[in-house]
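Chains, contacts and geometry: an overview
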Amino acid sequence: MRITVLTLFPEMYRDFVSTSIIGRAIERGLVTVDFVQIRDFAHDHYRHVDDKPFGGGLGQVMKCQPVLDALNSVKSENSYSMMMSPAGNVYNQSKARQLSQKDHLILLCGHYEGFDARINKHVDELVSIGDYILTGGEMASMVIMDSVIRLLNGVIREGSTDDESHENGLLEYPQYTQPADYQGDKVPDILLSGHHAKIQEWRTQQSLLLTKTVRPDLFEKHQFTEYEEKVWKKLCDQESE
């Protein structure tokens, strides 16, 4: 996969692309990440990329010409372009899975008061990572890059990403490690039993309970599997006794 980031601040990514799992994925050639400085496409002497908004108001708006020239310099038939925008589709794990199948992902990062609205029609999708405002799209693009790169073949051990929060519409069950008893706070006995079927049942119960408690919105729209229905019914029956 190739990921191209269009930004005014490529220096913000220096540590991101050289650290931990992302850095190793790039070193191993599992993903290529490159950056395009939007300001390089400004035509005037001062390399202006923004101007005052029509109709008045505070702040500056990023102009069509430098942004679209930068975008067109990297677009191809195989590329999929996304603008970081609070007006975009809310990002989730399902979208991360979809994007991990793309050959070339282009992430367009705005700053100031955002982009001239005429730019929107030139990208494939607007995306938001949540209902809040950042100073620019760079941090949002890093979230998307991280979530996508870790799903690429060979980046993380096979199977490690299959049973995580949001992969099946539920939050993941609680995880524990050594020691089994930390200052009197003990790991649930079932996890030490070695009984795999019972452990799986416990984990499914905990996943359902956690989702219902913390994210009832996810729980209400979750499509239960036959096994989950059986486990949930059993849990409800036990609580009603």
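Residues numbered from 1 in each chain as written. Predicted model: local features only at pLDDT ≥ 70, side-chain atom pairs only at ≥ 80, totals over all residues. Heavy atoms only, no water.

Bringing the pairing of strand β5 (residues 79–90) into the picture now. Relative to strand β6 (residues 104–108), β5 runs parallel, the two being bridged by five bridges. Among the inter-strand pairings, Ser-81 is bridged to a residue of β6, identified as Ile-106. Handedness of the β5-helix α3 (residues 93–99)-β6 crossover: right-handed. Bridge count between β5 and strand β7 (residues 125–128): five bridges; the pairing is parallel. Looking across to β7, one finds that Met-83 is bridged to Leu-126. (Pairing = 2+ DSSP bridges. Helix = DSSP H or I, 4+ residues; strand = E, 2+ residues; numbered from the N terminus. Right-handed = clockwise from strand over helix to strand, strands pointing away.)

Glancing now at the domain arrangement of the chain. Considered domain by domain, the chain is made up of domain 1 (2–151) and domain 2 (181–240). Once you take the C-alpha centre of each, domain 1 and domain 2 turn out to be 39 Å apart. (Domains from an automatic or database assignment.)

Nonpolar side chains in soluble globular proteins tend to be buried together. Ile-3, Met-145 and Ile-149 are the most contacted members of the largest nonpolar core, which has 27 residues in total. Mapped onto this core, the elements with two or more residues apiece are β1 (2–7), α1 (20–27), β5, α3, β6 and α4 (138–149). With six residues, the single largest contributor to this core is α4. (Core = buried A, V, L, I, M, F, W, Y, C linked by side-chain atoms within 4.5 Å. Buried < 20%, exposed > 50% of the residue type's maximum accessible area, 1.4 Å probe, protein only.)

So, about the pattern of salt bridges. Inspection of the entire model under this criterion finds seven salt bridges. For Glu-125, the salt bridge goes to Lys-95, with nearest N and O atoms at 3.1 Å. Placement of the pair is Glu-125 in strand β7 and Lys-95 in helix α3, with a sequence separation of 30 residues. The same class applies to Glu-125 and to Lys-95, which are both buried. Notably, a salt bridge pairs Glu-201 with Lys-234, separated by 2.9 Å at the nearest N-O pair. Of this pair, Glu-201 sits in helix α5 (residues 196–214) while Lys-234 sits in helix α7 (residues 226–240); the two residues are 33 residues apart in sequence, bridging distant segments of the chain. (Salt bridge = Lys/Arg side-chain N within 4 Å of Asp/Glu carboxyl O.)

The next point concerns the packing of aromatic side chains. Using the criterion set out here, one finds three aromatic pairs in the structure. Ring geometry for Phe-219 versus Phe-224: centroids 5.6 Å apart, planes at 90°, classification edge-to-face. Accessibility expressed as a relative area gives 24% for Phe-224, which makes it partly exposed. Over the aromatic face of Tyr-80 sits the side chain of Lys-102, whose NZ or CZ is 4.3 Å from the ring centroid. For the cation-ring pair, Lys-212 lies above Phe-219, with the distance from its terminal atom to the ring centre recorded as 5.9 Å. (Phe/Tyr/Trp six-rings, centres within 6.5 Å; stacked < 30°, edge-to-face > 60°. Lys NZ or Arg CZ within 6 Å of the ring centre and 35° of its normal.)

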